[in-house]
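Okay, here's what each chain looks like letter by letter:
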Amino acid sequence: MQQRIVGQRHLKVVLMDPESGIAVDGIHFNADTKCWPDQTIQKVRAVYRLDVNEFRDSVMCS
């Protein structure tokens, strides 16, 4: 899992399904920067919800 802090407290991650190899970008808003990023973490259980991303007059599905 690739991870890095963006902005003040947001954690950008790239998650990969080990079975299909499909990678998905994600963002964890208001991450605890005392704990993240942590490059020793190799696996996570994640839950997601599809939403429309409206940012700087751009709209896309996310």
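Just so it is clear, the model here is predicted, and its values are computed rather than measured.

Lay out unusual backbone geometry in plain terms, naming residues and giving numbers.
The step from Trp36 to Pro37 runs through a cis peptide bond, and the omega angle for that step is -5°. Looking at where Pro37 falls in the secondary structure, it is placed in the loop between strand S3 (23-28) and strand S4 (52-55). One non-glycine residue with positive phi stands out, namely Asn30, at about 55°. In this structure, Asn30 sits in the loop between S3 and S4.

Pulling in residues and values, what's your account of the pairing of strand S2 (residues 10-16)?
As judged from the five bridges shared by strand S1 (residues 2-6) and S2, these two strands associate in the antiparallel manner. By the bridge assignment for S2, Val6 is matched with His10. Counted between consecutive antiparallel strands, the loop separating S1 from S2 contains three residues, among which Gly7 sits at a positive phi close to 65°. Looking at chain direction, S2 and S3 are connected through six bridges and run antiparallel. In the strand pairing of S3, Val14 is matched with Asp25. In this structure, the hairpin formed by S2 and S3 is closed by a connection of six residues, where Gly21 is found at a positive phi of approximately 80°.

The rules we used
Residues numbered from 1 in each chain as written. Predicted model: local features only at pLDDT ≥ 70, side-chain atom pairs only at ≥ 80, totals over all residues. Heavy atoms only, no water. Helix = DSSP H or I, 4+ residues; strand = E, 2+ residues; numbered from the N terminus. Pairing = 2+ DSSP bridges.

None of the figures reported here should be taken as evidence of function without further support.
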